[in-house]
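Topology and contacts: notes
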Amino acid sequence: AALKQFRGACVEKLTVCPNVRTLEEIQMVVFEAFSNESIVTFSFANPGMGRFTRMQCERLKVDYADIYQPLVIAMERYLDYPLVGVPGGMDLKELEISKKSWRIEQV
């Protein structure tokens, strides 16, 4: 949606990298952006992943935009309530279900 506001720009294609979950994937995305003189935009719910992405972009001098963490920070201020929980974390009920798949093996 943001790119449509720059109708005169000669952007021909956009690479979307969904479900990036590892540091290695982030490094690959940033390196590709560096190689293609591109910008990296990201929306990690996990602050550590966002921080790592920023660090990698700064290391290679790749322009970037974190479009999620500023929203979370603004909501914390507005609600006067700290962020609680781990993004993508499991509900305690899910932990019990997960435990059912455990098994004991002889050593």
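Per chain, residues are indexed from 1 in the order of the written sequence. Reporting in this predicted model follows two pLDDT cut-offs: at least 70 for local features of residues, and 80 or more for side-chain atom pairs to be given and counted; totals over whole chains, interfaces and linings ignore these cut-offs and use all residues. The side-chain numbers reported here are obtained from all heavy atoms of the structure, hydrogens and water having been left aside.

1. A word on the packing of helix H1 (residues 23-35) against helix H2 (residues 47-60)
We count it as follows: What counts as an axis is a line fitted to C-alpha atoms, over the stretch in contact for a helix, and the angles between N-to-C directions run from 0 to 180 degrees. Secondary structure elements follow DSSP: runs of H or I of four or more residues count as helices, runs of E of two or more count as strands, with numbering from the N terminus. Should the near helix be turned anticlockwise from the far one by less than a right angle, the crossing is termed left-handed; should it be turned clockwise, right-handed. Any pair of residues with heavy atoms lying within 4.5 Å of one another is described as a contacting pair. The classification used treats Ala, Val, Leu, Ile, Met, Phe, Trp, Tyr, Cys and Pro as nonpolar, Asp, Glu, Lys and Arg as charged, and all other residues, Gly among them, as polar.
Between H1 and H2, the least distance of the axes is 10 Å, while the angle of their chain directions is 35°. Here the hand of the crossing between H1 and H2 comes out right-handed. The segment H1 lies against H2, with Leu-23, Ile-26, Gln-27, Val-30, Phe-31 and Phe-34 engaging Met-49, Phe-52, Thr-53, Gln-56, Cys-57 and Leu-60. Split into classes, the residues belonging to the contact of H1 with H2 amount to nine nonpolar, three polar and no charged.

2. Some words on the pattern of salt bridges
Rule in force here: Each reported salt bridge corresponds to a side-chain nitrogen of Lys or Arg within 4 Å of a carboxyl oxygen of Asp or Glu.
All chains considered together, the criterion is met by one salt bridge. With a closest N to O distance of 3.1 Å, Arg-54 and Asp-66 form a salt bridge. Placement of Arg-54 in helix H2 and of Asp-66 in strand E2 (residues 64-66) is noted, with a sequence separation of 12 residues between them.

3. So, the environment of Arg-54
Threshold: Summary of the burial criterion: residues with accessible area below 20% of their type's maximum are buried, those above 50% are exposed, and those between are partly exposed, where the area comes from a 1.4 Å probe applied to protein chains only. What qualifies as a polar contact is a pair of N or O atoms within 3.5 Å, subject to a donor-acceptor requirement within protein and to the restriction that residues adjacent in sequence count only when both atoms come from side chains.
Overall, the relative accessible area of 26% leaves Arg-54 in the partly exposed class. Between the alpha carbons of Arg-54 and Val-30 there is a distance of 9.5 Å; along the sequence they are 24 residues apart. Ignoring anything within four residues of it in the chain, the contact list for Arg-54 reads Phe-42, Tyr-64 and Asp-66. Of note is the side chain of Arg-54, whose polar atom sits 3.1 Å from the side chain of Asp-66.

4. Concerning the side chain of Gln-69
Its location among the elements puts Gln-69 in helix H3 (residues 69-79). Taking relative accessible area as the criterion, Gln-69 reaches 11% and is therefore assigned buried. Dropping the residues within four chain positions of it, Gln-69 is found in contact with Phe-44, Ala-45, Asn-46 and Pro-47.

5. Thoughts on the side chain of Thr-53
Take Thr-53: it is sitting in helix H2. Here the side chain of Thr-53 touches Met-49 through a polar contact of 2.8 Å, landing on its backbone oxygen. Not counting residues up to four positions away in its chain, the partners in contact with Thr-53 are Ile-26, Val-30, Val-40, Phe-42 and Phe-44.

6. Re the environment of Gln-27
Take Gln-27: it is sitting in helix H1. Looking at Gln-27, the relative accessible area reads 36%, which means it is partly exposed. Taking the C-alpha atoms as reference points, Gln-27 and Cys-57, 30 residues apart in sequence, are found 8.8 Å from one another.

Function-wise, these values are silent; they only describe arrangement.
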